[in-house]
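A structural walkthrough
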Number of protein chains: 2
Amino acid sequence: MAEALVTRGDHVTVLDNLSSGRLEHIEPLLTHDKFRFIQGDLLDQKALDAAMDSVEMVYHLAANPDVKFTAGDATDKDLKQNTLATYAVLETMRQQGVKKLAFSSTSAVYGVCETLPISEQQAPHPISLYGASKLACEGLIGSFQHLFDMQCWVFRFANIVGKKVRSRGRTVIADFAHKLLDDPSTLPILGNGKQAKSYLLSSECVEAMLFAIEHAKQPINTFNLGCSDWITVDRIAELMVEAMNLENVKFEYTGTEGGWAGDVPRFLLDVSAINQLGWQAKHNSEQAIRFAIKNTLQEINQTTCKP
Amino acid sequence: MAEALVTRGDHVTVLDNLSSGRLEHIEPLLTHDKFRFIQGDLLDQKALDAAMDSVEMVYHLAANPDVKFTAGDATDKDLKQNTLATYAVLETMRQQGVKKLAFSSTSAVYGVCETLPISEQQAPHPISLYGASKLACEGLIGSFQHLFDMQCWVFRFANIVGKKVRSRGRTVIADFAHKLLDDPSTLPILGNGKQAKSYLLSSECVEAMLFAIEHAKQPINTFNLGCSDWITVDRIAELMVEAMNLENVKFEYTGTEGGWAGDVPRFLLDVSAINQLGWQAKHNSEQAIRFAIKNTLQEINQTTCKP
């Protein structure tokens with residue numbers, strides 16, 4: 001997003017605590033005269049004040065990115081890093097008179113829906129702490145928008161994959177890659193392999209957000225962002241095996257419907273709203289996954305390569 | 001609620017910081033051997049631990065009760081007293097193995113809906129910080145329920161009025177009563193008087209909650225609670241004038257559609273879900289309002305009476 005904004009001529013300040021992002025992702029921008037980087041946390045008011053000084057619009061994409069809750073995790077991680085951080089962003093905007101906000105919400109707000117594909121009009125029932133925190137953010141955004149006369153764009157992302165992946169994140173791709181590197185004969189798969197989800201390339205996600213901000217002009221504009229198909233976990237496993245040039249890999253399933261507690265087994269987003277606005281994904285879920293697998297493997301090779 | 005539970009034979013612990021509730025409301029219970037009162041705040045972990053010790057079910061009805069945000073208010077009042085307090089309740093339940101929760105949500109989660117009456121399936125878009133915080137609570141409850149195997153009842157209240165009213169609360173009844181006591185010739189009315197809302201007596205609200213908890217057995221059970229009609233602000237003004245035996249009172253309107261920022265001008269709850277479960281309000285909105293007006297005026301007379 002920073003790259004796209006600088007490229008089109010905007011002055012950009014990035015505030016990031018680098019808890020999951022990495023400095024090398026914005027390396028080429030660091031010396032650009034329209035770019036400023038502040039390493040800091042959204043819960044640090046001083047950092048936030050500095051970042052928000054004289055800005056026209058906030059792209060609030062910071063969050064704890066892991067949807068998956070693992071036993072032993074603090075239960076207030078998403079509450080702090082998503083809900084409270086978003087409140088801090090909104091309150092600082094209010095104090096400094098910043099009126100425009102774009103926000104990365106998530107399809108995890110919906111939870112398990114009986115009707116697929118899921119339109120923006122479906123009532124959300126999150127089943128993960130991550131989804132719950134993003135829904136809390138949406139509520140805060142809606143009320144700040146209304147009370148303090150802001151204009152907001154809320155994007156409910158499908159699974160976003162791309163070039164700047166986290167090879168150690170709690171994602172199915174990183175999980176498969178590392179498991180197969182450890183043992184190329186067997187792939188333990190969380191769930192029954194039939195879980196199916198929508199994927200979108202990060203580059204397309206950025207493009208869609210900028211398109212929507214330019215073309216949707218309601219006080220509050222909420223869009224599902226994704227492609228119009230999905231891909232199963234089994235198919236992702238096949239693509240990973242193929243990309244790693246492995247053969248006769250045995251798939252072993254934990255057998256549950258969802259991969260983990262809080263996992264929504266099957267979701268397909270209704271993306272007709274953003275399509276009707278005039279934007280459509282060029283790559284489907286399988287193409288996005290193929291791209292992400294290639295990048296994850298490159299990333300792993302680079303960090304584990306020997307002289 | 002405490003009275004109803006003790007009456008049916010339950011052991012009851014009340015934890016209340018008395019920020020809006022009053023001790024005299026539970027006075028008759030204080031000496032009952034099945035009743036225990038702890039004065040404390042939900043954000044004080046020690047008080048919460050003490051209250052939650054060996055309990056079977058939590059009725060979480062504590063909140064900042066004012067939907068209305070007034071310039072100068074802190075914007076994180078609802079975030080703290082509703083969202084964070086509810087998180088604290090849930091996390092303490094998880095730690096202590098308490099599995100059942102009833103929660104007072106609000107019709108303010110819906111925001112302004114085009115379709116009336118509003119069913120539980122409508123997507124919520126709160127426009128008040130209060131509504132946003134309650135939606136955040138609902139998300140937290142849903143995810144805790146799913147992740148930690150709880151059973152929850154979520155009640156989206158209409159406006160609840162009754163015997164134990166707050167005569168100084170930010171409610172239309174208290175507002176009208178105090179204005180007319182100050183100046184019986186003129187009643188300044190926030191909005192255009194056409195705002196229309198559903199009211200429910202607190203005694204019926206308690207009855208409905210207990211009925212739903214007994215008869216609805218899903219892992220999570222969400223119900224609108226209200227009667228099936230509504231009443232306009234103009235009609236409430238007429239009833240107040242009548243109850244105070246005034247005549248020729250001039251109504252003066254601020255003229256906006258909503259009474260204040262964050263006010264939902266017209267809402268009517270679809271209560272068919274609770275009706276189909278087998279419960280129905282015995283009093284309509286006008287009857288509930290008449291009752292509340294009578295009690296508010298008595299309350300004011302008692303606190304202002306002279307020897």
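Refer to the structure presented above.
What counts, and where the lines are drawn
Residues numbered from 1 in each chain as written. Chains lettered and ligands numbered in written order. Predicted model: local features only at pLDDT ≥ 70, side-chain atom pairs only at ≥ 80, totals over all residues. Heavy atoms only, no water. Pairing = 2+ DSSP bridges. Helix = DSSP H or I, 4+ residues; strand = E, 2+ residues; numbered from the N terminus. Axes fitted to C-alpha atoms, helices over the stretch in contact; angles between N-to-C directions. Contact = heavy atoms within 4.5 Å. Salt bridge = Lys/Arg side-chain N within 4 Å of Asp/Glu carboxyl O. Buried < 20%, exposed > 50% of the residue type's maximum accessible area, 1.4 Å probe, protein only. Arc of directions from axis to C-beta. Polar contact = N/O pair within 3.5 Å; in protein donor to acceptor, adjacent residues only side chain to side chain.

1. Considerations on the sheet that holds strand S5 (residues 151-157) of chain B
By way of backbone hydrogen bonds, the strands of a sheet pair with one another, either parallel or antiparallel. All names here are of chain B. Spatially, four strands are ordered S3-S4-S5-S10 in an open sheet, and the strand pairing comes out parallel. For this open sheet the edge positions go to strand S3 (57-60) and strand S10 (220-225), each flanked by a neighbour on one side alone. Sheet twist, expressed as the average angle between the axes of neighbouring strands with direction ignored, equals 15 degrees. Across the sheet, helix H3 (residues 77-96) touches S3 and strand S4 (100-106), and the angle it forms with S4 is around 170 degrees.

2. Some details on the pattern of salt bridges
Taken as a whole and judged by the stated rule, the model has 32 salt bridges over all chains. The shortest N-O distance in the salt bridge between Arg8(A) and Asp10(A) comes to 3.0 Å. Classification of Arg8(A) by relative accessible area gives partly exposed; the value is 47%. Between Arg22(B) and Glu299(B) there is a salt bridge, with the nearest N and O atoms lying 2.7 Å from each other. Here Glu299(B) lies in helix H9 (residues 285-304) and Arg22(B) lies in the loop between strand S1 (12-16) and strand S2 (35-39), a separation of 277 residues in the sequence. Assessed through its relative accessible area of 28%, Arg22(B) is described here as partly exposed.

3. A few points about helix H2 (residues 45-52) of chain B
Residues and elements named next belong to chain B. Every buried residue of H2 is accounted for by Ala47, Leu48, Ala51 and Met52. Looking down the long axis of H2, one finds its buried residues gathered within 125 degrees of arc, a one-sided arrangement. Lining the buried residues of H2 we find S1, S2, S3 and H3. Between a side-chain oxygen at the N-terminus of H2 and the backbone nitrogen of lysine 46 the separation is 3.1 Å; the capping residue is aspartate 44.

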